[in-house]
Amino acid sequence: MYSDRVKRVQRLLRVEARYTGAIDGITGARTLSAVACVPEVRNRPDLIGVDRQLVAAGQAVLASLGHDPGPVDGHWGPQTDAAYLAWSGAGLPWRQADMASRFGPAGSARCTAGRVTVPWRMVLAWDTAEVITSFSCHELVAPSAQRAFDRIAAIYATSQIEDLGLHLFGGCFNHRTKRGGTSLSTHAYGIAIDFDPARNRLNWGKDRARLAHRDAVPFWDVWAAEGWTSLGRARDFDWMHVQAVGL
Ligand SMILES: [Zn+2]
């Protein structure tokens, strides 16, 4: 068993304090007794060996937290991996100062390894003839962004989405510095998304920005519930922008 995987399960077992030991990647007595406390793992003769029981315990915790790791079978496949990333992403908000340690180098492959499927008709803001059905972002924030998009689609009718300009994609990953600055933008990590830049210009405040209107409040509340930060709400500028880290 990879010790990284054991660490992941240990983190999951810390939920509800089943496990109170160190995150050390070692399957010791305390880890094993925490595994034994997970009801879904008891009376499961099909889970042969400690490693499978350990993974199954992690899967059961992920499922109990509302994620979908696939069947509780003790095999850590892509679905369990995605569920774990989604759960660990739920640990937002991260601080902007921690970006490099949390997300790895700006512009690395991980910054575009995540994918968000857009549940409404979306076009590029700068070329509205170009329809996009999905976009790439950092792998760690993709599950959170996907939940937000799905919730937004459930809240607003298509006509409201278009009225708000949420169908106008202003970009996500972009390896660049902040506008007017020298430090790296959150976009360089693939952890920020822009909507309708033409009607939410960088230096516009709430008196002019479209996404500062009252009907956008549920939109921002969805992102806030995921731990994302609106620069508009926080600083009253750049109302096009939402990021998966704090300020
Ligand atoms: Zn932005």
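The structure displayed is predicted, hence computed values, not measured ones.

Colleague: Describe the domain arrangement of the chain, and please don't skip the residues or the numbers.
Modeller: In terms of domain boundaries, the chain breaks down into domain 1 (3-89) and domain 2 (96-243). With centres defined by C-alpha atoms, the gap from domain 1 to domain 2 works out at 33 Å. The interface of domain 1 with domain 2 comprises 6 residues on the first partner and 5 residues on the second. At the boundary of domain 1 with domain 2, total buried surface from both sides reaches about 400 Å², with 57% on carbon and sulfur atoms. The tally of links between domain 1 and domain 2 comes to 0 salt bridges. Linking domain 1 to domain 2 there are 0 residue pairs in polar contact (both at pLDDT 80 or more).

Colleague: Could you give an account of the coordination of the zinc ion, naming the residues involved and the relevant values?
Modeller: Surrounding the zinc ion are the protein donor atoms H187 (NE2), D194 (OD), D194 (OD) and H241 (ND1), at 2.0 to 2.8 Å. One can describe the donor arrangement at the zinc ion as irregular, given that its 4 donor atoms subtend angles of 52 to 157° at the metal. Every donor residue of the zinc ion comes from the same chain, spaced as H-x6-D-x46-H. Of this pair, H187 sits in the loop between β3 (168-171) and β4 (192-195) while H241 is found in strand β6 (residues 241-243), placing the two residues 54 residues apart along the sequence. Here the two residues H187 and H241 agree in accessibility, since each one is buried.

Thresholds, definitions, all that
Residues numbered from 1 in each chain as written. Predicted model: local features only at pLDDT ≥ 70, side-chain atom pairs only at ≥ 80, totals over all residues. Heavy atoms only, no water. Domains from an automatic or database assignment. Contact = heavy atoms within 4.5 Å. Buried area = accessible area lost by both parts, 1.4 Å probe. Salt bridge = Lys/Arg side-chain N within 4 Å of Asp/Glu carboxyl O. Polar contact = N/O pair within 3.5 Å; in protein donor to acceptor, adjacent residues only side chain to side chain. Donors = N, O, S within 2.8 Å, 3.2 Å for Na, K, Ca; no water. Tetrahedral: all angles 85-135°; square planar, octahedral: opposite > 155°, others 65-115°. Helix = DSSP H or I, 4+ residues; strand = E, 2+ residues; numbered from the N terminus. Buried < 20%, exposed > 50% of the residue type's maximum accessible area, 1.4 Å probe, protein only.

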